There are 4 protein chains.
Amino acid sequence: MKLVHVSRPVCSPRLATRHFSTTARRRIIKPITDLPDRTKPSFLERPDATLLSLQWPSPPRNILITKKKRTPGITDSLIEYTSHLSSTYPGINIILEPESASEIHEIVPFPVYTYEPAPPNGAPAHLSDKTDLVCTLGGDGTILRASSLFSHATAVPPVLSFAMGTIGFLGEWKFREYKRAFREVYMSGASDAYAKFDAPESNTRPPAPTSPDDPLDKPLSYADIRGKAMGSNRTARILLRNRLKVGVFGPDGTRINSSVDQDTYALNEIVVHRGASPHLKIVDVFVGGRFLTEGVADGMIISSPTGSTAYSLSSGGSIVHPLVSSLLLTPICPRSLSFRPLVLPANTPITLRLGEKNRGREVEVSIDGRSITGGMGVGMEVRVLGEHVKSDAGEWVGGVPSIVRGTDGIGMELKEQDHWVGGLNALLKYNYPFGDQDTSDGGGRT
Amino acid sequence: MKLVHVSRPVCSPRLATRHFSTTARRRIIKPITDLPDRTKPSFLERPDATLLSLQWPSPPRNILITKKKRTPGITDSLIEYTSHLSSTYPGINIILEPESASEIHEIVPFPVYTYEPAPPNGAPAHLSDKTDLVCTLGGDGTILRASSLFSHATAVPPVLSFAMGTIGFLGEWKFREYKRAFREVYMSGASDAYAKFDAPESNTRPPAPTSPDDPLDKPLSYADIRGKAMGSNRTARILLRNRLKVGVFGPDGTRINSSVDQDTYALNEIVVHRGASPHLKIVDVFVGGRFLTEGVADGMIISSPTGSTAYSLSSGGSIVHPLVSSLLLTPICPRSLSFRPLVLPANTPITLRLGEKNRGREVEVSIDGRSITGGMGVGMEVRVLGEHVKSDAGEWVGGVPSIVRGTDGIGMELKEQDHWVGGLNALLKYNYPFGDQDTSDGGGRT
Amino acid sequence: MKLVHVSRPVCSPRLATRHFSTTARRRIIKPITDLPDRTKPSFLERPDATLLSLQWPSPPRNILITKKKRTPGITDSLIEYTSHLSSTYPGINIILEPESASEIHEIVPFPVYTYEPAPPNGAPAHLSDKTDLVCTLGGDGTILRASSLFSHATAVPPVLSFAMGTIGFLGEWKFREYKRAFREVYMSGASDAYAKFDAPESNTRPPAPTSPDDPLDKPLSYADIRGKAMGSNRTARILLRNRLKVGVFGPDGTRINSSVDQDTYALNEIVVHRGASPHLKIVDVFVGGRFLTEGVADGMIISSPTGSTAYSLSSGGSIVHPLVSSLLLTPICPRSLSFRPLVLPANTPITLRLGEKNRGREVEVSIDGRSITGGMGVGMEVRVLGEHVKSDAGEWVGGVPSIVRGTDGIGMELKEQDHWVGGLNALLKYNYPFGDQDTSDGGGRT
Amino acid sequence: MKLVHVSRPVCSPRLATRHFSTTARRRIIKPITDLPDRTKPSFLERPDATLLSLQWPSPPRNILITKKKRTPGITDSLIEYTSHLSSTYPGINIILEPESASEIHEIVPFPVYTYEPAPPNGAPAHLSDKTDLVCTLGGDGTILRASSLFSHATAVPPVLSFAMGTIGFLGEWKFREYKRAFREVYMSGASDAYAKFDAPESNTRPPAPTSPDDPLDKPLSYADIRGKAMGSNRTARILLRNRLKVGVFGPDGTRINSSVDQDTYALNEIVVHRGASPHLKIVDVFVGGRFLTEGVADGMIISSPTGSTAYSLSSGGSIVHPLVSSLLLTPICPRSLSFRPLVLPANTPITLRLGEKNRGREVEVSIDGRSITGGMGVGMEVRVLGEHVKSDAGEWVGGVPSIVRGTDGIGMELKEQDHWVGGLNALLKYNYPFGDQDTSDGGGRT
Ligand SMILES: NC(=O)C1=CN([C@@H]2O[C@H](COP(=O)(O)OP(=O)(O)OC[C@H]3O[C@@H](n4cnc5c(N)ncnc54)[C@H](O)[C@@H]3O)[C@@H](O)[C@H]2O)C=CC1
Ligand SMILES: NC(=O)C1=CN([C@@H]2O[C@H](COP(=O)(O)OP(=O)(O)OC[C@H]3O[C@@H](n4cnc5c(N)ncnc54)[C@H](O)[C@@H]3O)[C@@H](O)[C@H]2O)C=CC1
Ligand SMILES: NC(=O)C1=CN([C@@H]2O[C@H](COP(=O)(O)OP(=O)(O)OC[C@H]3O[C@@H](n4cnc5c(N)ncnc54)[C@H](O)[C@@H]3O)[C@@H](O)[C@H]2O)C=CC1
Ligand SMILES: NC(=O)C1=CN([C@@H]2O[C@H](COP(=O)(O)OP(=O)(O)OC[C@H]3O[C@@H](n4cnc5c(N)ncnc54)[C@H](O)[C@@H]3O)[C@@H](O)[C@H]2O)C=CC1
């Protein structure tokens, strides 16, 4: 049975045995390769607006859910959330990270899917072909980890993020809003269906329940879905976050960032740093192919606008709105006091090279807070370019499509800038209260 | 005689008398309203390039030249430069600032044109309808002053800037390069003409000399111009610098920045500052219509990317490449240490309001280093938006079209980023030598 | 009658008339010259401690009280406070600023003393010879104003500061603590008296009440004072805040900062600033008599450690503990990014000179937030040196003796660093709660 | 033979053999234990001055010389320098680091002394009991390494530093000045001797040459030394650089910084840093025993004023003059933008604790650019206090006595501040030329 092959690496032997118990057919961990192919949404421009509109051709089915690590109570929330999705929406398939899958597959009354762990410096296979929507339960770090699962994919599924404590900077929704938030995303673009919902007869025919035996590759139609409409032109709002395309090359010119010869996408930034060596590093910086300067510093950050509020900010960089198409070059503790943070057009290639003058080989290269392994040291080169998020045909592709709030907690339409200004207030402790400060969860950032 | 009316305000009585001397007809100062209408160039995109190409429909004729103040030797340079243009190029008309016009019109053997001084907070009338090209002799301050002459115009003529000492950040050319530089700009776009030049017969017919009696409104053709071709596809490169559209409103809602009900364009920035009051100011900041924070500070800067290397940099802002479509909000000496500089999309409206909590009325508002006068104080509001530089039809309009180097001093083609990286090196004393360091002129910045 | 002469400048005519009413003899405003001479305390070192101990030779009598301006309710607090002092402590004389004196002298049942307003750039005459103790009701600004009343005195009386809203950085006490706080200060050093208090017989003889007819120049003895002892070695703790000695000289070498040829003392800082001129200023900086650099900037701050948390902090300076004997040189928005804030030994003379290169004459010079008037401009020179607070004989003199908390609200002995660390937490919103956060007063800083 | 025991660890086998060659008795490496005990100078206050005066009781004999690593030509300079000392001054003994000793002992015609390498986190045994004077050939890093050889000694010998390329911040002398500089130091305090030199008869008796057979423990007298006097009151100037006393303790309370239970002295700083871990560290900061804040950052620096121009400056700290008695607490890339660098009194104890919230155990602790090894991680504690440099008896002890210039290159007396202001100019590229810019050595900083 093919399944055994898949589930073994991720389950403890004890759990693996149980899979064959006759009474718990659904308690198995299935491989994502069993799932129907992904449903790709489109992102439409809205008049006079900078945020995009999410439009599903048919309802999303394959939902990847990631959760924060080392957090008490988080597994209960995961079970609550997946159970709600599975019982409320027809044809929903739950994909979990291998660890989470092992943890809960025996407890929940529906099958869970998972994938094989990623190779070093790589991303899990097939995941980007099978995932319709990503939901994260946690903080910014959880979103970064989710995004790293698609670090070699050009088309990342939309990401819906729930904060489990204080709202982070990248997150948007409180966990207790999950029912409303998921419905808003799920129904986004189903305007025709809504019309039908409103007609009384539309409720007579119940949607065909999906069963494990059903062929999975027949997409659902919004016509089959019952439920309360969200309002005919209420669609989920998308902030398309540009990423960085990063190539890391060893002293001998071999690519380090990926075993397949491919760039890695970063959501926040790439960092070159002295790491455990107590000495300054000397980094040659090239902008647009031209030598700019020799940076003598702890290290160097190349950040996206999204990452401007992360490490780059701590290192003295400005806060850049995610819709400013740009790259940030921010030195970390530079010796030269006049080496100030730079903001460059997104399409400017930047190269960092670790020259011969450096002592020792120790150096840390990390993408979005995850270290790259292997072959670091003198002669190494990091090449970065901003990701294009608009195709030549004018379609919006790439980036991390992040679902942001369109209304406040009590149904008021929010303005375009609200999600960002609100986040800034939370980050910088500015004086504007954003939503209710959910201090009862007792959380801290992350 | 109409002329007298014009020249009087700008000349000392002694000079004015001389205008009527019969032997010095050309020594008069003429009003710019006598000039033919402006020749508007277009700015073409070049394949794989971010800088634009300058394309004249017919050779430029009306040349405005501004010079730095209080600088020894600068008048001699002005005379040398205008004399060269006038004697080398057919049909050239020299426009000078009123002060310069008074100073040299008796010395040079050609007529000079000038305009009436601008009203308070305004720009000189007619200037933007008559000027084909602006040349500045000086530093960044001279460029700013030139740009302020077009602070109410949507279409600024191309600007060619010569440094008189050390090269500033906005300037590009050394004065000793003026012949080559002007020719490059003058011929830009005349590709057909070039072909003809190369043919021996093209030189036989001399261009018709323009005389004061000639009707001025018949444009020249490149076919009429003799001279050495620059090479058939050598066009001048344009960096289109976005400006800010600024409205300043008094406590009672009346517009202060301009007597006509119009926004003022800023090249660098607009500054709201405590000025001579020794106390902190409290400025309410709105981004995209939403209240962001109450800034308690010396003041607040809203800057263009061009201005990012000016006051904003001294106040802790990042250096933003002029092609990153954005606005910078940089607080000056804020009490809140977490009020960090922000970079926002160019199309985000920003409003600064001086609230009731402020003591006293004193406040300084300045645009590009020039104070605005009248009605400042509590209740005042500054509204800013980035300028659109691409029309809906895809044409490049607006901005300050700055002519940057396409080749280095000895004819080598420069890369796209070179002019900016080079300027940065000069500004920050980075280690890349840009052109030869012309220290012999003994100049300092400005 | 001499008194009339004094009260006139500070009272409205209507109030002045009432002075002569026979029934309200005490409702008059008296000149401070009528007061007995000041009682000077000494400041003793405590074993293993950095804060000093306040020791009165005899109980303080002449109490100057200043209050914040433009603050609702503050006059009521002033009346409450002065009434308490006057009715509780024998022989107390209340000194008020002229404005406050006019405001309340008719309401309170005891005489109030005041002084003639200070000459331009000067301090009120006689005040430092007559004041035993200063109490401030307000915020940091009120403390600064109080300190400016002694800006030409070498020996400032101890300062007890009550916050009327949120606690400022220089303040220490909440207004509602005033009874306990004043008693602690009043009794400080009366250890012998305490012993007597504890003996039952000590209470039998009531202290002789002072009456207006009594000769004022006979000092009280702690033996005459009844009341609850504070504990035999409970003395008020003094933080001796070093000041700056500042001389400002006009282009022609004449002293500007004072009509008498004397330095002015600053508690926070002296600032040289471009003021209302929109252009950079060029300031030559000399350290220890040696030319350091030409600062091109908005201006320059020379600050005491006390001032390090004020303007200098907003301009990028470090936070310096008030007991680090030093001067700070902090540039305001300097063009040179490598001109970083400097911390120098307190005994290093620093000179700032406004050189010939500056355009225009406009410049703002201010001490502790008060502008200096007259003769500013090119050629001006500011000379600064730290104040010595320990005499050659090892006595503590000079500085602003600030009374800080020795115990928390509920009687727990505080550690040496507590007052400063607590203040820092309040200023920077660090995470340590200092006392209870008295948000009910609804105050803001100042 | 005892010697073999010493030289073995530091020589390659091939070199060790040669020691026994009969013809090269002087080519041996001797243990420092063979040397006479150290001659301790005193440091005298000069009237109206902040720099101290060096006073030898008898001429220094045991000279430790350290040199920069990996620098071409440096060994030649070492040989030149030691040969000069050995041939010019009677009774001079040359101490070298083990590596240098191996490298040159066969080449030079005099014996060299060395010591056993230091244990982990420790300093070499006996060195501080035997060394009269330290000379460094290199840059700041070489001075730091020399100082680390005395990191467990309370009395560091005076340090005379020669720059081999560009002058660093801690260094003072150019290598080509070595003859004059050494003589100035050597003769410092020998005022009586000078008098004698001037008398003609003083030159008649040649100084007794020291031979290896002589008892080494009889100190020389200045009377025995021939040579040109420096001028009767010309003494070397000492800048006494305060150090930090540092204790590092593991999670279980055991001391890590030293095997013997002793604090380590740091000249620049101690750094706690995330090292190779790509995640933020959470450091609890205690000031004067009181919890200040939880620093969430890359790490934390506690620096001396001397170190203020090193790592702390790159991290945003102010520049603090070495004579300001203080400690700096400078966070590295803190998340909280309001965590600004602090300057505290030198006698304030500071503790950093790595709390339970930190993930993983990885952490880097380094002192003056040298990593500490062993037991780092959660629970670790760093305790720091400034070193006292004035004993209760008023003597100057401790610190690193750094010999600074008293005259410029051509004999002009320098002012007190000159050495520091000059260094600052060099560091920050301010505009004051300090000595001649010796660019011909082609050096860079280090
Ligand atoms: N000194 C610093 O500020 C450092 C920051 N980082 C940042 O941490 C990120 C990795 O995050 P974790 O794995 O959770 O590591 P982590 O445990 O080091 O936490 C990073 C912190 O940054 C916040 N954060 C992450 N992305 C953000 C964003 N785009 N805007 C605002 N805040 C953001 C998180 O909420 C969290 O508080 C990296 O991408 C890097 O940006 C990493 C090392 C040092
Ligand atoms: N503290 C500061 O840094 C201040 C800066 N300014 C700047 O001065 C400008 C006005 O210039 P001036 O009339 O010449 O006054 P100015 O005499 O105050 O000189 C301004 C300096 O800024 C430089 N500068 C101007 N624009 C620049 C740019 N875009 N990039 C880099 N450097 C630039 C000039 O070369 C000159 O050195 C204002 O637009 C403002 O940006 C004005 C006041 C204070
Ligand atoms: N951009 C800035 O930060 C500016 C600061 N100032 C400061 O204001 C002071 C004058 O105060 P006000 O008359 O009340 O004027 P103000 O109304 O301008 O308020 C100054 C603010 O600084 C605070 N402050 C004053 N001294 C302080 C200290 N030593 N430590 C911490 N905070 C302190 C006050 O609480 C108040 O919030 C000046 O001495 C100067 O230090 C003055 C102008 C600009
Ligand atoms: N980002 C940064 O600025 C970093 C600085 N460092 C500093 O390096 C020092 C160790 O020096 P090396 O072993 O040579 O390592 P290194 O090769 O990392 O060079 C350190 C640089 O700092 C300079 N320096 C050292 N002490 C100085 C001082 N007191 N004032 C001014 N400049 C100074 C040196 O000249 C050299 O340019 C550490 O004590 C630490 O202060 C260490 C790591 C990072």
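The rules behind the values
- Residues numbered from 1 in each chain as written.
- Chains lettered and ligands numbered in written order.
- Predicted model: local features only at pLDDT ≥ 70, side-chain atom pairs only at ≥ 80, totals over all residues.
- Heavy atoms only, no water.
- UniProt positions renumbered as here; feature names shortened; annotations may be inferred.
- Least-squares fit on C-alpha atoms with pLDDT ≥ 70 in both.
- Contact = heavy atoms within 4.5 Å.
- Near = heavy atom within 4 Å.
- Polar contact = N/O pair within 3.5 Å; in protein donor to acceptor, adjacent residues only side chain to side chain.
- Areas by Shrake-Rupley, 256 points an atom, 1.4 Å probe, with all protein chains shown as cover.
- Helix = DSSP H or I, 4+ residues; strand = E, 2+ residues; numbered from the N terminus.
- Nonpolar A, V, L, I, M, F, W, Y, C, P; charged D, E, K, R; others polar.
- Buried < 20%, exposed > 50% of the residue type's maximum accessible area, 1.4 Å probe, protein only.
- Axes fitted to C-alpha atoms, helices over the stretch in contact; angles between N-to-C directions.
- Parallel < 35°, antiparallel > 145°, perpendicular 65-115°, else oblique.
- Left-handed = near helix turned anticlockwise from the far one by under 90°.
- Salt bridge = Lys/Arg side-chain N within 4 Å of Asp/Glu carboxyl O.
- Phe/Tyr/Trp six-rings, centres within 6.5 Å; stacked < 30°, edge-to-face > 60°.
- Lys NZ or Arg CZ within 6 Å of the ring centre and 35° of its normal.

- The name given to chain A in an unreviewed UniProt entry is ATP-NAD kinase, with the source organism recorded as Karstenula rhodostoma CBS 690.94.
- Taken directly from UniProt, the Sequence similarities (unreviewed entry) text for chain A runs: "Belongs to the NAD kinase family."

## Topic: the relation of the copies chain D and chain C
Part 1 of the reasoning: Screw-axis analysis of chain D against chain C gives a translation of 0.0 Å along the axis, an RMSD of 0.0 Å, and a rotation angle of 180°. The operation mapping one copy onto its partner corresponds to a two-fold rotation axis. For chain D, the residue whose C-alpha comes nearest the rotation axis is Ser318(D), separated from it by 3.0 Å.
Part 2 of the reasoning: In this assembly the copies share their binding face: 100% of the residues contributing to the interface of chain D also contribute to that of chain C.

## Thoughts on the relation of the copies chain A and chain B
Part 1 of the reasoning: Overlaying chain A on chain B yields an RMSD of 0.0 Å, the required transformation being a rotation through 180° with an accompanying axial translation of 0.0 Å.
Part 2 of the reasoning: The share of interface residues of chain A whose copies in chain B are also at the interface is 100%, consistent with both copies meeting through the same surface.

## As for the site of ligand 2
Part 1 of the reasoning: Taken together, the neighbourhood of ligand 2 is formed by 24 residues, with Asp140(B), Glu269(B), Thr309(B), Ser314(B) and Asp298(C) sitting nearest.
Part 2 of the reasoning: Proximal residues around ligand 2 fall on chains B and C, making this an inter-chain site.
Part 3 of the reasoning: Residue Glu269(B) places a side-chain N or O atom 2.4 Å away from an oxygen atom belonging to ligand 2.
Part 4 of the reasoning: Between ligand 2 and Arg335(C), the relevant distance is 3.1 Å, taken from a nitrogen atom to a side-chain nitrogen or oxygen of the residue.
Part 5 of the reasoning: Taking 770 Å² as the accessible area of ligand 2 by itself, protein coverage stands at 95%.
Part 6 of the reasoning: The set of elements that each furnish at least two residues to the shell around ligand 2 consists of helix H6 (140-148) and helix H9 (311-314) of chain B.
Part 7 of the reasoning: It is H6(B) that contributes the most residues to the shell around ligand 2, three residues altogether.
Part 8 of the reasoning: Taken together, the residues of the shell around ligand 2 sort by class into eight nonpolar, eight polar and eight charged.

## Brief notes about the environment of Gly288(D)
Part 1 of the reasoning: Within the fold, Gly288(D) resides in the loop between strand E14 (281-287) and strand E15 (290-297).
Part 2 of the reasoning: Judged by its relative accessible area of 18%, Gly288(D) falls in the buried class.
Part 3 of the reasoning: Residues Gly288(D) and Leu385(D) lie 97 residues apart in sequence; the distance between their C-alpha atoms is 9.8 Å.
Part 4 of the reasoning: Excluding its chain neighbours within four sequence positions, the residues that come into contact with Gly288(D) are Lys415(C), Gln417(C), Thr348(D) and Pro349(D).

## Describing the packing of helix H3 (residues 74-88) of chain A against helix H7 (residues 178-186) of chain A
All names here are of chain A.
Part 1 of the reasoning: Packing of H3 against H7 brings their axes to within 11 Å, and their N-to-C directions diverge by 45°. On the basis of their axis angle, the class for H3 and H7 is oblique. H3 and H7 meet at a crossing whose hand is right-handed. Contact residues: Glu80, Tyr81, His84 and Leu85 in H3; Tyr178, Lys179 and Phe182 in H7.
Part 2 of the reasoning: In the contact of H3 with H7, the residues fall into four nonpolar, one polar and two charged.

## Brief notes about the pattern of salt bridges
Part 1 of the reasoning: For the structure on display, the rule yields 68 salt bridges over all chains.
Part 2 of the reasoning: Linking Glu177(A) and Arg405(A) is a salt bridge whose minimum nitrogen-to-oxygen distance equals 2.6 Å. Of this pair, Glu177(A) sits in the loop between strand E9 (173-174) and H7 while Arg405(A) sits in the loop between strand E24 (400-404) and helix H10 (418-428), and the two are 228 residues apart along the sequence.
Part 3 of the reasoning: The class of Glu177(A) is buried, set by a relative accessible area of 11%.
Part 4 of the reasoning: One salt bridge in this structure joins Arg255(B) and Asp263(B), with 2.8 Å as the shortest N-O distance.
Part 5 of the reasoning: Taking relative accessible area as the criterion, Arg255(B) reaches 21% and is therefore assigned partly exposed.
Part 6 of the reasoning: For Asp263(B), a relative accessible area of 23% translates into the label partly exposed.

## Structural notes on the interface of chain A and chain B
Part 1 of the reasoning: With 43 residues of chain A at the contact, the number on the chain B side is 43 residues.
Part 2 of the reasoning: For the pair chain A and chain B, the interface holds two salt bridges.
Part 3 of the reasoning: A salt bridge links Asp418(B) to Arg290(A); the shortest N-O distance between them is 3.4 Å.
Part 4 of the reasoning: Counting every contact that joins chain A to chain B gives 15 residue pairs in polar contact (both at pLDDT 80 or more).

## Considering the packing of aromatic side chains
Part 1 of the reasoning: This model, assessed by the stated rule, comprises 44 aromatic pairs over all chains.
Part 2 of the reasoning: Between Tyr89(C) and Tyr186(C) the ring centres are 4.4 Å apart and the planes differ by 50°, which places this aromatic pair in the tilted class. Of this pair, Tyr89(C) sits in the loop between helix H3 (74-88) and strand E5 (93-96) while Tyr186(C) sits in helix H7 (residues 178-186); the two residues are 97 residues apart in sequence, bridging distant segments of the chain. The pair formed by Tyr89(C) and Tyr186(C) is uniform in burial state, with each residue classed as buried.
Part 3 of the reasoning: Between the aromatic rings of Tyr81(D) and Tyr178(D), the centroid separation amounts to 5.4 Å while the plane-to-plane angle is 90°, which identifies the pairing as edge-to-face. Here the residue Tyr81(D) occupies a position in helix H3 (residues 74-88), and Tyr178(D) occupies one in helix H7 (residues 178-186), the gap between them amounting to 97 residues.
Part 4 of the reasoning: Of the residues examined, Tyr81(D) reaches a relative accessible area of 0% and is grouped as buried.
Part 5 of the reasoning: The exposure class of Tyr178(D) is buried, given its relative accessible area of 6%.
Part 6 of the reasoning: Joined through ring pairs, the aromatic side chains of Tyr81(A), Tyr89(A), Phe162(A), Phe175(A), Tyr178(A), Phe182(A), Tyr186(A) and Tyr222(A) make up one cluster.
Part 7 of the reasoning: The residue whose ring lies beneath Arg383(A) is Phe249(A), and the NZ or CZ to ring-centre distance is 3.9 Å.

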